[in-house]
Amino acid sequence: MHRLLDDYAHENGLRDVSPKLKLAIGAFSIIACIASPTPAVPLAVSTCLSAAVIALARIPWRMYIGLTAIPLSFALLSATVVALLSPGEPLMSIGALRLSHEGLWLGVLLVSRTIGGASSLFFIALTTPMSEIFAVLRSMGAPEALVELSMLIYRYIFVLLEEAMMVHSAQEMRMGYSSVRRSISSFAMLASVLFIRAWERGEKLMLAMDSRCYNGMMPLGECNALRTHHLVVSVIYILSITALLLVVIRGGSA
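Residues numbered from 1 in each chain as written. Predicted model: local features only at pLDDT ≥ 70, side-chain atom pairs only at ≥ 80, totals over all residues. Heavy atoms only, no water.

A. Looking closely at the overall build of the protein chain. When its secondary structure is counted, the protein chain shows nine helices and two strands. For the protein chain, the sequential pattern of α-helices and β-strands runs α-α-α-α-β-β-α-α-α-α-α. For the protein chain, the C-alpha radius of gyration of 23 Å lies well beyond 18 Å, the compact-globule estimate for 254 residues. Each principal axis of the C-alpha distribution contributes one length, and for the protein chain these read about 65 × 55 × 35 Å. Looking at the protein chain as a whole, 33% of its 254 residues qualify as buried. Of the contacts formed within the protein chain by residues at least 6 apart in sequence, a portion of 73% connects residues at least 24 apart. (Helix = DSSP H or I, 4+ residues; strand = E, 2+ residues; numbered from the N terminus. Rg over C-alpha atoms; globule rule 2.2 N^0.38 Å. Buried < 20%, exposed > 50% of the residue type's maximum accessible area, 1.4 Å probe, protein only. Contact = heavy atoms within 4.5 Å.)

Pasting the structure below:
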């Protein structure tokens, strides 16, 4: 499971689209969701990007819904608190808790912005490999030390997860999680051994990099070129969301 997002990012139907264009669409969508005073723009962003991920990138919809449910669950909890604690004329009361019109509106806006922002991030994560993101950052003039450090951190995350999976699988084969007591003991042993094992793997990995003449700069491949039809579709999407954003802003000010 720890390779799931990265695998889809390398094998999806939008793999040949320029990563700069995909990052621009994701960044624009997040800004539009934050700037919108109503749920209309975040919901439109979520609908468009979700359709692109499922229909164009060919990401399984069950997996995509499962990913979206994670931030949505936290947003619903936060929206409930906001709706019940916001001041205003109460629509209904349950003991000391009361639901006001302003609180309900803020809760709906919070959930919609979360859905829109999550869809924007998942659009980037499921269609753009991290290596291309690092290449874009390097081409944009980001500090080389920051790019290199980010690449090493990203690589060592998988080293840590791989060691955790190996130890966990060995424990399961030895019935280490057959009861609550044994599960607690196995998890404690996993946590204590994991750091040492990951440290050893990290030293071996660094030795392998040094033996291959690592000089502090990892080579990155060229990004996919920007194609005309991809640019046209992206411009249509950006103009449509911008027009909707202007409409809701003017409608709110009126």
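B. Main features of the nonpolar core. V41, V45, F123, L126 and I241 are the most contacted members of the largest nonpolar core, which has 27 residues in total. Mapped onto this core, the elements with two or more residues apiece are α2 (19-35), α3 (40-56), α4 (61-85), α5 (101-127) and α9 (228-253). Counting residues per element, this core draws most heavily on α3, which supplies six residues. Grouped together as the second largest cluster of nonpolar side chains are six residues, F134, V147, L152 and M209 included. (Core = buried A, V, L, I, M, F, W, Y, C linked by side-chain atoms within 4.5 Å.)

C. A look at the domain arrangement of the protein chain. As assigned here, the protein chain comprises domain 1 (5-128 + 224-253) and domain 2 (143-211). Once you take the C-alpha centre of each, domain 1 and domain 2 turn out to be 33 Å apart. (Domains from an automatic or database assignment.)

D. Highlighting unusual backbone geometry. Not every positive phi belongs to a glycine, and R58 is a case in point at roughly 60°. Mapping R58 onto the fold places it in the loop between α3 and α4. Looking at R58, the relative accessible area reads 60%, which means it is exposed. Look at M175: it is not a glycine, yet its phi comes out positive at around 60°. Within the fold, M175 resides in the loop between α7 (144-173) and α8 (180-211).

E. Representation of helix α6 (residues 130-139) within the structure. Where α6 is concerned, the buried positions are E132, I133, F134, A135 and V136. Looking at the buried positions of α6, the neighbouring elements they touch are α2, α5 and α7. Downstream of α6 by a residue or two, G141 has a phi angle that is positive, lying close to 90°.

F. Focus on the confidence of the model for the protein chain. Across the protein chain, pLDDT averages 85, with 94% of residues at or above 70. The spread of mean pLDDT over the elements of the protein chain runs between strand β1 (residues 90-94), the lowest at 70, and α3, the highest at 94. (pLDDT = per-residue confidence, 0-100.)

G. Representation of the layout of surface pockets within the structure. What the largest pocket holds in volume is close to 400 Å³. Taken together, 19 residues line the largest pocket, and the ones lying closest to its centre are I25, A52, L56, V233 and S234. Elements that contribute at least two residues to the lining of the largest pocket include exactly α2, α3 and α9. By residue class, the composition of the lining of the largest pocket is twelve nonpolar, five polar and two charged. (1 Å grid on protein atoms, 1.4 Å probe; cavity = no way out; pocket = protein on both sides within 12 Å on 5 of 7 lines; lining within 4 Å. Points joined across faces, edges and corners; volume = space filled by probe spheres on them. Nonpolar A, V, L, I, M, F, W, Y, C, P; charged D, E, K, R; others polar.)

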